[in-house]
Amino acid sequence: MYYQIAYILFKLKLIQPSENAISFWMQNNHVKKLEYALKFGNYKTRQLAAEALEYAGKPSSIPVLLDAISDKVQNVSIAALNALERINPEDEIIKTVIKKRFHWVTQIREASKKREANKGKKHKIYKWERASKKSFERVKEQLKRPMR
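Residues numbered from 1 in each chain as written. Predicted model: local features only at pLDDT ≥ 70, side-chain atom pairs only at ≥ 80, totals over all residues. Heavy atoms only, no water.

Caption draft 1: Region of the structure containing the overall build of the protein chain. Along the protein chain, the regular secondary structure elements total 8 helices and 0 strands. The C-alpha atoms of the protein chain give a radius of gyration of 26 Å, which is well past the 15 Å a tight globule of 148 residues would have. Each principal axis of the C-alpha atoms in the protein chain carries an extent, and together these give about 85 × 40 × 25 Å. Taken across its 148 residues, the protein chain has 29% of its residues classed as buried. Separation between the mean location of the 31 positive side-chain charges and that of the 15 negative ones in the protein chain comes to 11 Å. (Helix = DSSP H or I, 4+ residues; strand = E, 2+ residues; numbered from the N terminus. Rg over C-alpha atoms; globule rule 2.2 N^0.38 Å. Buried < 20%, exposed > 50% of the residue type's maximum accessible area, 1.4 Å probe, protein only. Lys, Arg positive; Asp, Glu negative; His and termini not counted. Charge placed at Lys NZ, Arg CZ, Asp CG, Glu CD.)

Caption draft 2: Looking closely at helix α1 (residues 2-11). Residues of α1 that are buried: Ala-6, Tyr-7 and Phe-10. End-on, the buried residues of α1 take up no more than an arc of 100°, which puts them together on one face. Summarising the contacts, the buried residues of α1 are in contact with α2 (19-27) and α3 (31-40). Count one or two residues on from α1 and you reach Lys-13, which has phi positive near 60°. (Arc of directions from axis to C-beta. Contact = heavy atoms within 4.5 Å.)

Below, the structure is given as structure tokens:
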């Protein structure tokens, strides 16, 4: 009963469901509630809901999980990818998404390696070549001349 009230309050946007509420919904196969939490929860709720949908394993939640792949929070999108991989690993769309995932991870690793390689380098900015310095010098020279 408590988790029913928590769901109603969550739909009214008054509270976020707790980890216990999400695990209760997972154990009792309340897939619609988990899908709603994945769509409209905060980042922690979305991640927990994606992980719960992974354990529920219902193919009806695949469209919601596909939408969650493009989430701004990386942990949510990874949890959604893991759920999709576990629910239906033979589907062609899922295989394409998994390939995209490995490409994405490779890009992240390359970017971090590039940052680490450039970490110790100092960039030389020559003050006498900056545009703001040139315009300041020009204005200074104009102010030195007497006005007519």
